[in-house]
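Analysis of the macromolecular model
Here's the letter readout for the chains.
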Amino acid sequence: MAFLATCPNCDTRYSLNDSRVPVGQSRLKCSKCKEIFLITKKTTNAKPKVETSTPTTPVQPPEATPSPVAPKVESPVVEQSVEKAPTPPEPAFSAPEQGTEPQADFSPDTDFSTFSAPENAQVPTPAVPETPAVKERSPAPKQKENGEIVVIAANSDESITGAISDALTKAGMKVTRIHDGVEALEAAESQSADVVILDVSLPRLYGFEVCEHIRDNPELSHTKIILSASVYDETRYKRKPVSLYGADDYIEKHHIHDLLPDKVKCLVETGKPLDTTNFKPSFHTMAISEEAEQEVLAVSEAPITSTDPEGEEKARRLARIIVSDILLYNAEEITEGLQNGTVFTLLEDDIKDGLSFIRTRVPEELPAETYLKEALEEFIEKKKVELDIDQSF
Amino acid sequence: MSFINYSAREINCKIVYYGPGLCGKTSNLNVIYKKTNPDSKGKMISLATETERTLFFDFLPLALGDIKGFKTRFHLYTVPGQIFYDASRKLILKGVDGIVFVADSQVERMDANMESLDNMELNLEEHGLDIKKVPYVIQYNKRDMDDIVPVEELRKVLNPNGVPDFEACAMDGTGVFETLKLVVKLVLAELKKGA
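The notes below deal with the structure included here. (Residues numbered from 1 in each chain as written. Chains lettered and ligands numbered in written order. Predicted model: local features only at pLDDT ≥ 70, side-chain atom pairs only at ≥ 80, totals over all residues. Heavy atoms only, no water.)

**Quick look at the overall build of chain A**
Formally: By definition, any uninterrupted DSSP run of H or I lasting at least four residues is a helix, any uninterrupted run of E lasting at least two residues is a strand, and each is numbered from the N terminus. Burial classes: relative accessible area under 20% of the type maximum marks a residue as buried, over 50% as exposed, and values in between as partly exposed (1.4 Å probe, protein chains only). Between two residues, a contact is recorded if the distance between any of their heavy atoms is within 4.5 Å. Here the accessible surface of atoms and residues is derived via Shrake-Rupley with a 1.4 Å probe, and residues count as covered only by protein chains that are part of the display.
Across its full length, chain A holds 11 helices and 10 strands. Residues counted as buried form 50% of the 393 residues belonging to chain A. Sequence-distant contacts in chain A: of pairs separated by 6 or more residues, those separated by 24 or more amount to 70%. Accessible area of chain A: about 19200 Å², with a carbon and sulfur share of 51%.

Quick look at the structure:
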């Protein structure tokens, strides 16, 4: 069985021999860009869905500046076992889900202002958190000790909640790890959380819906919310989000260790997001034993190609570039075609070339033609708005 | 790889202008051609269509000074930027001595810039060349357009290694010669290393 991992720096994907990857957190060195990053392997036994980490060493006061070098954690993080409603097991490595449940792409890769859930999305009902059975199992509200910052880290990917927990626990914060939107809301309410860090495409209740519920709850008026990218593709050009849907700040996955603790503190202490204008990322590696590092470094293998789980996104990107090229080189035809309703006829040859080309780069099992068509329609819609043309084709 | 003609005492160097479609590669060469002393330049060959699409390449020879008694002649090439013509791009990179990556500063072309940059690195690798070792400069073109990406952001995305870079507006000539002079300087420095 293969263990899949992705380099957060260059996006290279690796398929590792599962038996050689140690359980827990390990460090992996990318053979392409030499970036060292964290991977997490779960045990074969089911883990509780809610895992709470507390600082393993004397708790630093929240005001303390986090150490510039990530300290080592010699033992696994402490997990608080809380009885939860049964949930299906999750894959060891969380790739963007492609199941029936709609996934909202809400990463900084996306222009947040244009975000909307898919039309056919079965948006989980906000009534879910009121399910008595779930409520009864919720932990009682907890007293904050020594003014410690209480954080809920909600992400469907356990390696992300692990990284968040790791970073914030070292900064003296109390972190509860959650993997589902409904549970995230419950935990925020029951613990009167100071900060909730939300993945946007959480199962059962989208992150932005959790955000709405928190905002509507007067008892959580002090709670600050940080959105985390649900999909992060460093190879893709990103723009700053223009809307955070009521959240106070956002974080990209690769800045969890070097930026998140400061972001959380800044929100709690000042109520405002951290100004990162002059932020320079520092090199942090996640804490694992040297032995585990050697073990994992030894099993670096060739990047995945044909089975690349992100192949779909790459294919879509390629489609966008092809269409962008076609339109760029045919500006006059586009204008004429849009006005006369003949745009597809005028571009027929170029579209055919585009299709032939994308077929040479995209595996057959992916619907390259559909991607190209969608990209073309999207660009044409934009162009129609630019040209103020109202007709549809 | 520079070609040395001992009988003519000439060193021929190849500089390739690389970048996504319609980013301004040919415009760079046009400006250089128009503003260069007629004695220093050869005929500019442009295999382009009436729609300005470079189907194969543009080529411009330039004479620029001597090294140890050898005349240096620079051959400037552009590649077809459109994503379809990868085979041509790969061919033109063969034996390259210096590269100018012309980036289109417009927001809507950022994906294309990144794709072109990745493609360039791959094609160089296929020729056994490492972008970190080839004389290389970046030009952020079309700075006069409306919806453009700030230079700091362009640097972050397209120039992580911090190679020399320039802002330009190739249509009116801004930044074109600065870019050329620096890449030529880097190529000459490389030649002198091996001289």
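**Things to note about the overall build of chain B**
In terms of helices and strands, chain B carries five helices and eight strands. Listed by position from the N terminus, the elements making up chain B come as β-β-α-β-β-β-α-β-α-β-α-β-α. Pairs at least 24 residues apart make up 69% of the contacts formed inside chain B by residues separated by at least 6 positions. Total accessible area on chain B is roughly 9200 Å²; 54% of this is exposed by carbon and sulfur atoms.

**Details of the packing of helix α3 (residues 110-126) of chain B against helix α4 (residues 151-158) of chain B**
All names here are of chain B. Filter applied, for reference: Axis lines are fitted to C-alpha atoms, over the contacting stretch for helices. Their N-to-C directions set the angle, which ranges from 0 to 180 degrees. Take the far helix as your reference; a near helix turned counterclockwise from it by less than a right angle gives a left-handed crossing, and one turned clockwise gives a right-handed crossing. Ten residues, namely Ala, Val, Leu, Ile, Met, Phe, Trp, Tyr, Cys and Pro, are considered nonpolar, four, namely Asp, Glu, Lys and Arg, are considered charged, and the remaining ones, Gly among them, are considered polar.
In contact at an axis separation of 11 Å, α3 and α4 are set at 35° when each is read in the N-to-C sense. The way α3 lies across α4 gives a crossing that is right-handed. Residues Met-110, Asn-113, Met-114 and Leu-117 of α3 touch α4, and the partners they reach there are Leu-154, Val-157 and Leu-158. The residue inventory of the contact of α3 with α4, partitioned by class, reads six nonpolar, one polar and no charged.

**Quick word on α4 of chain B**
Residue and element names in this part refer to chain B. Using the following cut-off: This arc is taken over the directions from the axis of the helix to the C-beta atoms.
For α4, the full list of buried residues reads Val-151, Leu-154 and Leu-158. End-on view of α4: buried residues confined to an arc of 55°, all on one side of the axis. Away from the buried face of α4 by more than 90 degrees, exposed residues Glu-152 and Lys-156 are located.

**Points about the packing of helix α2 (residues 86-93) of chain B against α3 of chain B**
All names here are of chain B. Applied cut-off: Here roughly perpendicular refers to angles of 65 to 115 degrees, roughly parallel to angles under 35, roughly antiparallel to angles over 145, and oblique to all remaining angles.
Two numbers describe how α2 lies on α3: the axes approach to 9 Å, and their chain directions differ by 55°. Judged on the interaxial angle alone, α3 and α2 are oblique. Crossing geometry of α2 relative to α3 is assigned as right-handed. Of α3, the residues touching α2 (which contributes Asp-86, Arg-89, Lys-90 and Leu-93) are Asn-119, Met-120, Asn-123, Leu-124 and Glu-126. Split into classes, the residues belonging to the contact of α2 with α3 amount to three nonpolar, two polar and four charged.

**Side note on the interface of chain A and chain B**
A common way to report how large an interface is uses the accessible area buried once the components associate. Quick note on the threshold: Each salt bridge in this description consists of a side-chain nitrogen of Lys or Arg and a carboxyl oxygen of Asp or Glu lying within 4 Å of one another. In the analysis that follows, any N or O atom pair within 3.5 Å is treated as a polar contact, provided that within protein one partner can donate a hydrogen and the other can accept it, and provided that, for residues neighboring in sequence, both atoms belong to side chains.
In this complex, chain A contributes 22 residues to the contact, which on the side of chain B involves 19 residues. Across the chain A-chain B interface, the total number found is three salt bridges. The interface formed by chain A and chain B holds five residue pairs in polar contact (both at pLDDT 80 or more) in total. Among the elements of the structure, α7 (311-329) and α10 (348-361) of chain A are those that each provide at least two residues to the side of chain A that touches chain B. If you tally residues by element for the side of chain A that touches chain B, the top one is α7 of chain A, at 10 residues. Considered class by class, the residues forming the side of chain A that touches chain B number eight nonpolar, four polar and 10 charged.

**Concerning unusual backbone geometry**
Residues and elements named next belong to chain B. A positive phi angle, near 55°, is found at Leu-22, a position not held by glycine. Residue Leu-22 is classed as partly exposed on the basis of its relative accessible area of 26%. Of note, the phi angle at Lys-142 is positive, near 65°, even though the residue is not glycine. You can see Lys-142 is positioned in the loop between β7 (136-141) and α4.

**With respect to the pattern of salt bridges**
The final tally for this structure, using the stated rule, is 16 salt bridges over all chains. The residue Arg-109 of chain B makes a salt bridge to Asp-325 of chain A at a minimum N-O spacing of 2.8 Å. Taken together, the residues Arg-109 of chain B in the loop between β6 (98-104) and α3 and Asp-325 of chain A in helix α7 connect one chain to another. Considered together, Arg-109 of chain B and Asp-325 of chain A belong to a single accessibility category, that of buried residues. One salt-bridge network, in which partners are shared between bridges, spans Glu-312, Arg-316 and Glu-374 of chain A.

**Examining the pairing of β7 of chain B**
Residue and element names in this part refer to chain B. Which entries qualify depends on this criterion: When DSSP finds two or more bridges between two strands, those strands count as paired. Look down the strands so they point away from you; if going from the first strand over the helix to the second traces a clockwise path, that crossover is right-handed.
Counting buried positions over the six residues of β7 gives six, a clear majority of the element. Residues of β7 alternate between two faces, with Tyr-136, Ile-138 and Tyr-140 on one and Val-137, Gln-139 and Asn-141 on the opposite face, all of them buried. With six bridges connecting them, β6 and β7 associate as parallel partners. Directly across from Asp-104, in β7, lies its bridge partner Asn-141. Between β6 and its parallel partner β7, the chain crosses via α3, and the hand of that crossover is right-handed. Examined bridge by bridge, β7 and strand β8 (residues 165-167) share three bridges and lie parallel to one another. When the sheet's bridge partners are listed, Ile-138 is paired in β8 with Asp-165. One crossover worth recording links β7 to the parallel β8 by way of α4, and it is right-handed.

**Section: the packing of aromatic side chains**
Note the following rule: Any pair of Phe, Tyr and Trp rings, taking the six-membered ring for Trp, is counted once the centres come within 6.5 Å. Such a pair is stacked with planes under 30 degrees apart, edge-to-face with planes over 60 apart, and tilted for the rest. The rule is short: NZ of Lys or CZ of Arg within 6 Å of the ring centre and within 35 degrees of the ring normal puts a charge over the ring.
Going through the model one piece at a time under the given rule, you end up with zero aromatic pairs over all chains. The ring of Tyr-250 of chain A has Lys-263 of chain A lying over it, and the distance from NZ or CZ to the ring centre is 5.8 Å. Sitting over the ring of Tyr-77 of chain B, Lys-14 of chain B keeps its end group 4.7 Å from the ring centre.

**Details of the nonpolar core**
Taken as a class, soluble globular proteins show a tendency for nonpolar side chains to be buried jointly. Residues and elements named next belong to chain B. Applied cut-off: Put simply, a nonpolar core is a bunch of buried Ala, Val, Leu, Ile, Met, Phe, Trp, Tyr and Cys residues held in one set by side-chain atoms that sit within 4.5 Å of each other.
Core analysis: the biggest nonpolar cluster contains 27 residues, and Val-16, Tyr-18, Ile-99, Phe-101, Met-120 and Tyr-136 have the highest contact counts within it. For this core, the secondary structure elements donating two or more residues are β2 (10-18), α2, β6, α3, β7 and α4. For this core, the leading source of residues is α3, giving five residues. Contacts of Tyr-18, omitting those with residues within four sequence positions, involve Lys-25, Val-79, Arg-89, Leu-93, Ile-99, Val-100, Phe-101, Val-102, Ser-116, Asn-119, Met-120 and Asn-123.

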